Every structure is written in C-alpha cells, then in structure tokens.
Amino acid sequence: MSATSPPGAAAPRATPAVSRQGDAAVVTIEDLYKNFGSLEVLKGIDLAIAWGEKVAIIGPSGSGKSTLLRCVNYLEVPTRGHIYLEGELFGERLVDGRHVRMSERELASQRKHIGMIFQSFYLWPHLTARENVAIAPEKVFGLPRKAALELADTMLAKVHLAEKRDAFPERLSGGQQQRVAIARALAQEPKVILFDEPTSALDPELVGEVLKVIEELAAEGRSMMLVTHEIRFAQNVADRVVFIDHGVIVEQGPPAEVIRRPSHERTRSFLSQLLQDG
Amino acid sequence: MFAAVLLGGAVVSVWIMLGAFSVAVVVGLFMALVASTRNRPLRFLVTCYVEVFRNVPALTQLFIIYFGLAQIGLRLQPIPAAIIGLGLGGGALLTEVFRAGIEALHHGQREAALAVGMTPLMAVRHIILPQAWRIVLPPLGNYSMSLLKETSVASAIAAPEIMFYARQLVTRTFETPLIYSMTAFLYLAMCLPIGRLVARLERGSRSWQ
Amino acid sequence: MIQFFEIYVAKLPEWWPEMLAAAGSTLLLTGYAFGIAIVFGLCLALAKLSRNRVLSRAATLYVELMRGIPTLVVLFIIYFAIVPLGITLSALVAGALGLGIHAAAYVAEIFRSGIETIHRGQREAALAVGMTPRQTLRYIVLPQATAIMLPPLINMLVIVLKDTSICSLISAPEIMLRAKDLASTYFRPMHLYVLAGAMYFAMAWPLSLMARGWARRLGRGRHGA
Ligand SMILES: Nc1ncnc2c1ncn2[C@@H]1O[C@H](COP(=O)(O)OP(=O)(O)OP(=O)(O)O)[C@@H](O)[C@H]1O
Ligand SMILES: [Mg+2]
C-alpha cells in the first residue's frame, strides 16, 4: 500500500502497526525549538514514537505540551529542528542540502496522514456528524461521496455513535462531539494520532465514554501521542510517559517508573499536586 | 485657487451635515419614543415612516422636497431643502438605532438599580444612560460619516456645497481630473478623522462589554 | 388631494412605459454593480486576510479610502476624469463600475468579518485532516460565513439599488433621469418623483424585509443552540 493511497481503498486495517515500513519510528522529533516572539516555549525536544507505541505526555500548564503536538503536524512552524514522519522529512524539503518550507498544498498532503484530536473538538457546525467524518475522505483523499459516507458510518460505529450520524454537532453532548472528532481522525487512516487533552473540556460524567474509545483504539495497536492530565488513564494505556516542564523533557520511561517512582523532584511535585487536585 | 473655492463649499457641506444631523437626532429620538409606547396606530405610523424613508434613495427624497413641493406652492431654498431631506432620511435610520438602545434598557437593569436603593432618576443617570450611550454611539458616529458623504448629493438641487462648486469649476476650467481628485481628497480629509474617532469609540465600548 | 390622484389616472398610461423601461435599466445597473462589488470585494477581503503584508496593506488602504469618498465623487472621477486618459465609457458602464468598486470596499468588510467569526480552531481542524487552505475556505469557512453574511449583503444590495439613482447625474438612463425628463416635459415634478420613489420602494422593501427575516432567524438559531 503506497503512502498516498486513500483510506477505504482496502478494508480498514485492524492493526496498522503490521504495515510498518522498515524499522524507522513513525514520528521522530529532532532538536525541536519553538519561540513565540521572545517567549521560548520549547527548548530542544528529541523524541521518537515507534510504530504502535502509545506515548503519554504530561506536564504543568503552560509547559509547552500543546505546542509540541502542534509542531508535529506543523500547525505551528518550529523555530528550529525537524519533524520526520516514517523517516521522511515533514513540512520541509531539502534543496541543495538546505531545509526549505513546503507549500501549503504539499504540507496538506503530508498532514492527511496524521490525525489530531483537539481539546475543544472543533467539529464543523454546518455539517452533520456523518458529513464531518466523510468530508476529508471525499475532498482530501478523493473517495467517491458514497464510499466516503460509508466509511464515515463505519468509523462512527467504531466510536459507538452509529445512531447519531445525522445529528448536527450542536445537538450532541461534549462526549459525543469528541467521539465524532475521533471518528473524523480515524477516517484519515492516520499513521499516528495526536490527542491534545481530549477530555479536559468535558463534564466529569462524560469523560469515561471518551477514554473508553481511546483505550479501544490503543488496543488496536495504533501509534499515539497523548497529552493528558488523566494520570491513571495514562498509566493504563501508555507504553511510555514523558514529563515535560518549561519546554524540555525532564524524564521519561515506562508508566510504572515515571508515575510510581519518579526520579526527579519536579516530576514528583507535579504528580503529587495533580493527585491532590484530582 | 481651486482649493479656496472648494473649501468654501466644504463649509456649506459641514453646515448641511450638522443641520441634517440635528434633524435626524430629534426626529429619530421622537419616533423611537413613540415606537416604544403601547399605542398601536402610532407605532404603525412610525414603522411606515421608517420603511418608506429607508427604502427610497436620498436623491429622490431631495427632489420631492425641492422640486415636488414647489409644484404645490411650497418653495424651499436649496440648503434648507437639503437639511430637511437628508435629515428625514437619517431620522428613519436613527429611529432604529435609538429603538435598539431603548430596548437594551428593559433588561431588568432599572429594577436592579432600584433594588440597591437608587431613585428612578439616579437609575437613569448612572445605569441606563451610560449603557444606552455606548450602544448608540458607534452607529451615530458611522451615521455622521455617511451623512457627510451624502451631502454631495445636495449638489443636484443646487445647494452650494463641495460637489456643486467642483462641477462648476470643471465646466469653467476643464481641469476635470485635478478638480475631482481634490474633491475626493477634501472629503477624505474630513471623513478620516471622524472614522478614526468612531473606530476608537467602538473599540472602547467593546472592551467594556 | 383627489385632484392629485386624478392626474396620475390621466397621465400614467403615458408615463408608465417609459418609467418601466427605466426601472429595467436601474435593475440592470444594480445587478452589474453588485456583481462587481461581490467579486472585487471578496478579492479585497482575501487580500486583507492574507499573510502577504504588502497585499493586506494595499487592500486595507483601498477600503479606508473608498469609505471616505462619496459615491458621487467616485462616479464623477470614473465618468469625467478618466476621459482625458483616452478611455470613454458609456454612462451605464461607468455607473456600474463606479458603484461596484465603491460598494466593494463595504462588501470586503462584510466578508472579512464573516470569515473572522469562524473560530480559528475550526480552520486548524480542517488543516489537520489534510485540507489545503483553499479547501478550508471552500468547505469549512465560506458555507458557514455565508449564512452570517447574507443579511448585511442584502442590505448592501439595497444600498447599491438606491445609489443607482445618482447615476442620473452622469446621465445614465435610469429611473431618476427619466423622471426628471418627464417632470420637465409635463411640469409635474411632484407626481413623477413620488412615482419614482414608489418604484424604488417596491424594489427595495422586499429585499429589506428578507434581510431582516434572515437575520432574525439566525439570531434565533444561535440562542436555540
Ligand atoms: N500562538 C501563540 N502565541 C503566543 N504564545 C503562545 C501561543 N501558543 C502558546 N503560547 C504560549 O506558549 C506557552 C505554552 O503553551 P502550551 O499551550 O503549549 O502549553 P500547555 O503545556 O499545552 O498548557 P495547558 O496544559 O494549559 O494546555 C504558554 O505560555 C502559552 O501562553
Ligand atoms: Mg495545552
């Protein structure tokens, strides 16, 4: 299957991890810096996400977690450093050994392989749940409309919302909206999914249904980067936990180590504060 | 030399604008108050006035007042005709502006003010007017700017304002591009400061909201 | 008073065909001018929102300038002042062009604010699924912005319709010019200008009602959500 073939061309794969190409990581973040004006938000992040790996990113508010995710799919352009998707340079091309930014069009054709879930869902209010999910397969991947809608139905079933397919976002609860947003990302058949605090905007009683869906996806062996404040969830789902503070990775490792026996003082105080609040 | 003539016209333009603005404010306020009463026939009349004047061109209104009234024996000078014509048109616009201002006051603000022990007069002075003012100010500012530009139409009934002199100068000297660009510049020079002021007021009222 | 109407009864058969033809020109003029305003206005709005500094500055300057100059002056510049440059336009074409490029400045502001009301996150979500900026505009932003922009755009159409009346001052053969001609032939200015006013009203009022109805429905949709 070539990198540009549309989703649904083959039956949805149960375990995307199987189709790994070589041993390259799915996402590689290399020496990443990001400034907003004089504010240095990310200060040299190096991180590789292996195929099928689930990486949870935790850290205090304002530490740069969202910025990190947004740099991965170039919604923010890094100040320095590079991103690789399957070992291929992302958002840039090499011209005479120099890195040059891609055109928006080229960038779009790379972005379609990365799914993103936002804290506030950002469903498109003028489209039904089904259309929200179908529009990228149709307009971006070029599926016929009918096939795109069928794919959307499949994806909505996956997030247990088959019966809500004709509802507009404003008629859905927050948890349902977020699940539609997940279906929308799944319809891209992404190589990796970026979650930016997917449950932070939800009422407490709605958090469970969204976490359950994410857990199911994790069980399928998908590659994920997951920013979250749900420590217990991170512990259950993640293969690796990365703690970020002030724009640098302070420590990382298996959840059991980082969360149970953090070796850095900063991690410890962050975790104890979080557990107190929660 | 051209500039002096045009500036003379500009003074008249400003007078027409100020006159029409006053007429519009008085008429608009009156109509808005009438519209806020319970009297149905009166409210219907106000609606008719607003709809008619909002949906007929200013030029047509001016021609009716200047040429039309003359036919039935009421002969107005160009400047008063322009002031009345533009003022009545603006009055229809401001009726809606003021009505929106008045409606915004009905949101329990008055009761809340009375509840904390203000007299009705204090409620009007400290609570209601300041709010109504902020609602009404930006559209009033916008209106004054578009009114100034609209005075140019009064040249069609020979009111001696900027455009009137510009057309006269053109027929005398044939310096067409020069004179009309000077005219455009003159209007710009008068409108831009008003526009700036309006923008500042709008920003002010938004930060307050 | 009755006498006043009797004159209409007597003269209307003579006036009506000419006035009706003039109303046709008015509508044509309105259509062309508004078409120009929409197309040019959208270009201006996109230029204004673009990341290219020069482009957005130029568009902003254009909008500011146009909003400070009376329509009539723009019209006169296009019709009279451009002639020495060797371009001659018919009064109708000059009228449509003048009204169009003037209204474009206001239309651009309507488009800009309509586009800006769509939350940035929605645009980012579209980019994230791999849409190009153009696809994002087409499938996500414009469909939503259109609903919001429709009432102010219809109001703008009414303004353009009313502004066509000043094209009579450059002798474009529309309602006011015909009314003026007939008024001087028949010495009945009151009758003819009231007739002209009624014709404008008949065209503009339904549009105004439509704009208001649509705006009200939008408002209700918001609150109902
Ligand atoms: N577009 C921007 N322009 C300027 N500053 C920004 C921008 N985006 C983020 N920042 C700043 O960068 C810092 C890091 O923001 P970021 O959103 O990445 O933090 P975070 O770790 O996701 O925090 P939270 O847990 O609150 O979501 C903050 O100080 C924020 O104010
Ligand atoms: Mg964040």
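Look up: the structure comes first, before these words.
Residues numbered from 1 in each chain as written. Chains lettered and ligands numbered in written order. Predicted model: local features only at pLDDT ≥ 70, side-chain atom pairs only at ≥ 80, totals over all residues. Heavy atoms only, no water.

Attention shifts here to the arrangement of the chains. Where the two pairs of chains in contact are concerned, the greatest contact count is recorded for chains B and C. Chain A makes no contact with chain B; the smallest distance between any of their C-alpha atoms is 24 Å. (Contact = heavy atoms within 4.5 Å.)

Take the sheet that holds strand β3 (residues 54–58) of chain A next. All names here are of chain A. Pairing within the open sheet is mixed, and its six strands lie in the order β8-β9-β10-β3-β11-β12. The open sheet terminates on both sides in strands that have one partner only, identified here as β8 (114–117) and β12 (248–253). When the angles between neighbouring strand axes are averaged without regard to direction, this sheet yields 20°. On top of the sheet, helix α6 (residues 204–219) reaches β3, β9 (192–196) and β10 (224–227); it is set at about 150° to β10, its chief contact. (Pairing = 2+ DSSP bridges. Helix = DSSP H or I, 4+ residues; strand = E, 2+ residues; numbered from the N terminus. Axes fitted to C-alpha atoms, helices over the stretch in contact; angles between N-to-C directions.)

This part takes up the interface of chain C and chain B. With 37 residues of chain C at the contact, the number on the chain B side is 33 residues. Regarding the contact of chain C and chain B, the summed buried area is about 2,900 Å², with carbon and sulfur atoms giving 73% of it. Linking chain C with chain B are two salt bridges. One salt bridge in this structure joins glutamate 64 of chain C and arginine 196 of chain B, with 3.6 Å as the shortest N-O distance. At the level of secondary structure, the elements contributing two or more residues to the side of chain C that touches chain B comprise α2 (53–67), α3 (71–81), α6 (133–163), α7 (175–186) and α8 (189–224) of chain C. The dominant element in the side of chain C that touches chain B, judged by the number of residues it contributes, is α8 of chain C, at 13 residues. Here the residues of the side of chain C that touches chain B sort into 25 nonpolar, six polar and six charged. (Buried area = accessible area lost by both parts, 1.4 Å probe. Salt bridge = Lys/Arg side-chain N within 4 Å of Asp/Glu carboxyl O. Nonpolar A, V, L, I, M, F, W, Y, C, P; charged D, E, K, R; others polar.)

So, about the site of ligand 1. Residues and elements named next belong to chain A. Near ligand 1 lie 13 residues; those nearest to it are Ser61, Gly62, Lys65, Ser66 and Thr67. Between an oxygen atom of ligand 1 and a side-chain N or O atom of glutamate 197, the distance comes to 3.1 Å. In isolation ligand 1 has 630 Å² of accessible area, and contact with the protein removes 62% of it. Mapped onto the shell around ligand 1, the elements with two or more residues apiece are β2 (39–49) and α1 (65–72). In terms of residues, the shell around ligand 1 owes the most to one element, α1, which gives three residues. Partitioning the shell around ligand 1 into residue classes produces four nonpolar, seven polar and two charged. (Near = heavy atom within 4 Å. Polar contact = N/O pair within 3.5 Å; in protein donor to acceptor, adjacent residues only side chain to side chain. Areas by Shrake-Rupley, 256 points an atom, 1.4 Å probe, with all protein chains shown as cover.)

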